[in-house]
Amino acid sequence: MLKSIYICSPMKNEVSEIVDGVSLLDIAEQVECPVYVYNQKDIAKNYHKLLKAFDGIKVRLNYACKACTNIHVMSELKKLGSGLDAVSIQEVWLALKAGFEPQDILYTPNCVSIEEIDLAVKEGVRINIDNLSILEQFGNRYGNTVNVCVRLNPHIMAGGNSHISVGHIDSKFGISIYQMRHLLRIVENYNINVDGLHMHTGSDILDAEVFLRGAELLFEAAENFKDLTFMDFGSGFKVAYKPGDIEIDIEAIGKKISKRFVSFCKSYGRELELWFEPGKYLVSEAGQLLVKTNVIKQTTSTVFVGVDSGQNHLLRPKMYDAYHHIVNISNPKGEKRIYSIVGYICENDTFGWDRQLNEVREGDILSIRNAGAYGFSMSSNYNSRYRPAEVLIKDGKFKLIRKRETFDDLIKNQIDL
Ligand SMILES: *Cc1c(COP(=O)(O)O)cnc(C)c1O
């Protein structure tokens, strides 16, 4: 029996400031902090690891680019052979700019207008529809001239955190499997060609049993659609953030899912492709946010380390209460002491309470780990701060892939007085 679908590689907790031969301190000095740094090698390693776990079936990974939409990062994934999952027309345009072919892009929006879907059809990307009203309008416009994938909601509760559960009964995502008859009526009436079935039950699946239960419901639903070419099981691949987070054997999980998929394909009568849409799994661990210590502030209860960043640059600790490991890379031999690391935003933007770090001095560079996913892409200009620069490490060198913002960026859409 499968126990858990925490899929991740060992945590990198060591205080190393060298990544693929590149010094992070050099980056901090030349590009300055705060700066997001992504390592191409880590992205490639995780991509291949996931692919290999599903050896023996036709598997395809579509990078869920909302995790990190820098076109250089997207382009690296394309070079690895990945497809792409986009949740907005703007992400579709970014993907095309990054070099993806339209047929390698799956557009999976939620609650968008038919007009936005028209734009995606115009670009020739694959369309994933997640509600009956839009499916009806789509059928009316396009009939069987444009294939669609249908996003189903199997009502599987993924994980215990309602912030990131998208498959349960109250979820706004997907077409309920209990609406199958209505769905089929629309498909038949408009002669819609459904070529894929999709589910994405959330970002925090704790239990592989849950995952497979969802898969079984999709297999059952598939009997109603004769022209499928793929099944898309979404994501749900968790990564370890904290030392000691559960790790599981991705190979064992992959084997079980693959085996079940092969037997499904036999009964369906055709060899389908199995698609996944990992975001976090591919880029989280590959990224870190480098920040500089502005202030050490001793209070009656703790020692605060105040850094030149905050919830405006990395929202996950504030929004999801997420743990991000933090290390002092500029004083790796310093004695371990307890600190609370906070940002410079006028909010309680705590990156980490009571953390053991090598002694932190004003000016020290800290690395906030596992920041490649939902880091920059969720950043804002709150407090009228500039968003950080981004850097990619590849082949033992680093290059700037996004300039830091300037005052012009803050004022450019404001109408002159
Ligand atoms: C966000 C999202 C993903 C990626 O989730 P991760 O937890 O980052 O792997 C996949 N598919 C869809 C439809 C999404 O919205």
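Note that the coordinates shown come from a computational prediction; the quantities given were computed from them, not determined experimentally.

Conventions adopted
Residues numbered from 1 in each chain as written. Predicted model: local features only at pLDDT ≥ 70, side-chain atom pairs only at ≥ 80, totals over all residues. Heavy atoms only, no water. Helix = DSSP H or I, 4+ residues; strand = E, 2+ residues; numbered from the N terminus. Rg over C-alpha atoms; globule rule 2.2 N^0.38 Å. Contact = heavy atoms within 4.5 Å. Areas by Shrake-Rupley, 256 points an atom, 1.4 Å probe, with all protein chains shown as cover. Lys, Arg positive; Asp, Glu negative; His and termini not counted. Charge placed at Lys NZ, Arg CZ, Asp CG, Glu CD. Domains from an automatic or database assignment. Buried < 20%, exposed > 50% of the residue type's maximum accessible area, 1.4 Å probe, protein only. Near = heavy atom within 4 Å. Polar contact = N/O pair within 3.5 Å; in protein donor to acceptor, adjacent residues only side chain to side chain. Nonpolar A, V, L, I, M, F, W, Y, C, P; charged D, E, K, R; others polar. Axes fitted to C-alpha atoms, helices over the stretch in contact; angles between N-to-C directions. Parallel < 35°, antiparallel > 145°, perpendicular 65-115°, else oblique. Patch = residues over 30% accessible without salt bridge, like charges linked within 9 Å, V, L, I, M, F, W, Y side chains within 5 Å. Salt bridge = Lys/Arg side-chain N within 4 Å of Asp/Glu carboxyl O. 1 Å grid on protein atoms, 1.4 Å probe; cavity = no way out; pocket = protein on both sides within 12 Å on 5 of 7 lines; lining within 4 Å. Points joined across faces, edges and corners; volume = space filled by probe spheres on them. Phe/Tyr/Trp six-rings, centres within 6.5 Å; stacked < 30°, edge-to-face > 60°.

### A short note on the overall build of the chain
Helices and strands together make up the secondary structure of the chain, namely 12 helices and 20 strands. In terms of C-alpha radius of gyration, the chain reaches 23 Å, essentially the compact-globule figure of 22 Å for 417 residues. Principal-axis analysis of the C-alpha atoms gives the chain an extent of 70 × 60 × 40 Å. Relative to all contacts within the chain whose residues are 6 or more apart in sequence, the contacts with residues 24 or more apart total 70%. Of the roughly 18500 Å² that the chain leaves accessible, carbon and sulfur atoms contribute 49%. Here the chain contributes 49 positive and 53 negative side-chain charges, whose respective centroids are spaced 2 Å apart.

### Remarks on the domain arrangement of the chain
Interface size, as often reported, equals the accessible area lost upon joining of the parts. Splitting the chain by domain gives domain 1 (4-30 + 286-411) and domain 2 (40-283). Each of domain 1 and domain 2 was reduced to a C-alpha centroid, and the two centroids are 31 Å apart.

### Remarks on the environment of M378
In this structure, M378 sits in the loop between strand 18 (365-368) and strand 19 (389-394). Judged by its relative accessible area of 23%, M378 falls in the partly exposed class. Sequence separation of M378 and L314 is 64 residues, and the distance between their C-alpha atoms is 7.1 Å. Apart from residues lying up to four places away in sequence, M378 is in contact with L315, M319 and Y320.

### Here's the deal with the site of the ligand
By nearness alone, 13 residues border the ligand, and K66, S235, E277, K280 and Y374 come closest of all. The separation between a nitrogen atom of the ligand and a polar side-chain atom of E277 is 2.4 Å. Within the contact set of the ligand, an oxygen atom lies 2.6 Å away from a side-chain nitrogen or oxygen of Y374. When the ligand sits alone it has 390 Å² of accessible area, and the protein chains cover 95% of it. Residue composition of the shell around the ligand, grouped by class: 3 nonpolar, 5 polar and 5 charged.

### So, the packing of helix 6 (residues 132-142) against helix 7 (residues 180-189)
Across the interface, helix 6 lies against helix 7 with an axial gap of 9 Å and an inter-helix angle of 10°. Regarding the angle of helix 6 to helix 7, the classification is roughly parallel. From helix 6, L132, L135 and E136 reach across to helix 7, where they touch H182, L183, I186 and V187. Its residues placed into classes, the contact of helix 6 with helix 7 shows 5 nonpolar, 1 polar and 1 charged.

### Points about a nonpolar patch on the surface
Taken together, the side chains of Y386, F407 and I411 present a nonpolar region at the surface, about 280 Å² in accessible area. With respect to the helices, strands and loops of the structure, F407 is situated in helix 12 (residues 407-411).

### Looking at the side chain of N128
The residue N128 is located in strand 7 (residues 126-129) in this model. Aside from chain neighbours lying at most four places away, what touches N128 is L106, Y107, T108, P109, C149, V150, R151 and H198.

### Let's talk about empty space enclosed by the protein
For the structure on display, the rule yields 1 cavity of 30 Å³ or more. What the largest cavity holds in volume is close to 50 Å³. Forming the walls of the largest cavity are P109, N110, C111, V112, I117, N128, I129, D130, N131 and I134. Considering only residue class, the lining of the largest cavity consists of 6 nonpolar, 3 polar and 1 charged.

### Let's talk about the environment of L184
Within the secondary structure, L184 is located in helix 7. Accessibility expressed as a relative area gives 16% for L184, which makes it buried. Sequence-wise, L184 and S16 are 168 residues apart; in three dimensions their C-alpha atoms are separated by 56 Å. Beyond its immediate chain neighbours, meaning those up to four positions away, L184 contacts N224 and F225.

### Some thoughts on the packing of aromatic side chains
Considering all chains together, one arrives at 15 aromatic pairs under this definition. Centroid distance F138 to Y142: 4.8 Å. Interplanar angle 50°. Geometry classified as tilted. Taken together, the residues span about one helical turn, with F138 and Y142 both in helix 6 at a distance of 4 residues. A single burial state applies to F138 and to Y142, both of which are buried. Judged by centre distance (6.5 Å) and plane angle (85°), the rings of F233 and F261 are edge-to-face. Here F233 is found in the loop between strand 11 (230-232) and helix 9 (250-268), whereas its partner F261 is found in helix 9, with 28 residues between them in sequence. For F233, a relative accessible area of 1% translates into the label buried. By relative accessible area, which is 1% here, F261 ends up buried. Following the ring pairs from residue to residue traces out a cluster consisting of F54, F219, F233, F237, F261, F264, Y268, F276 and Y281.

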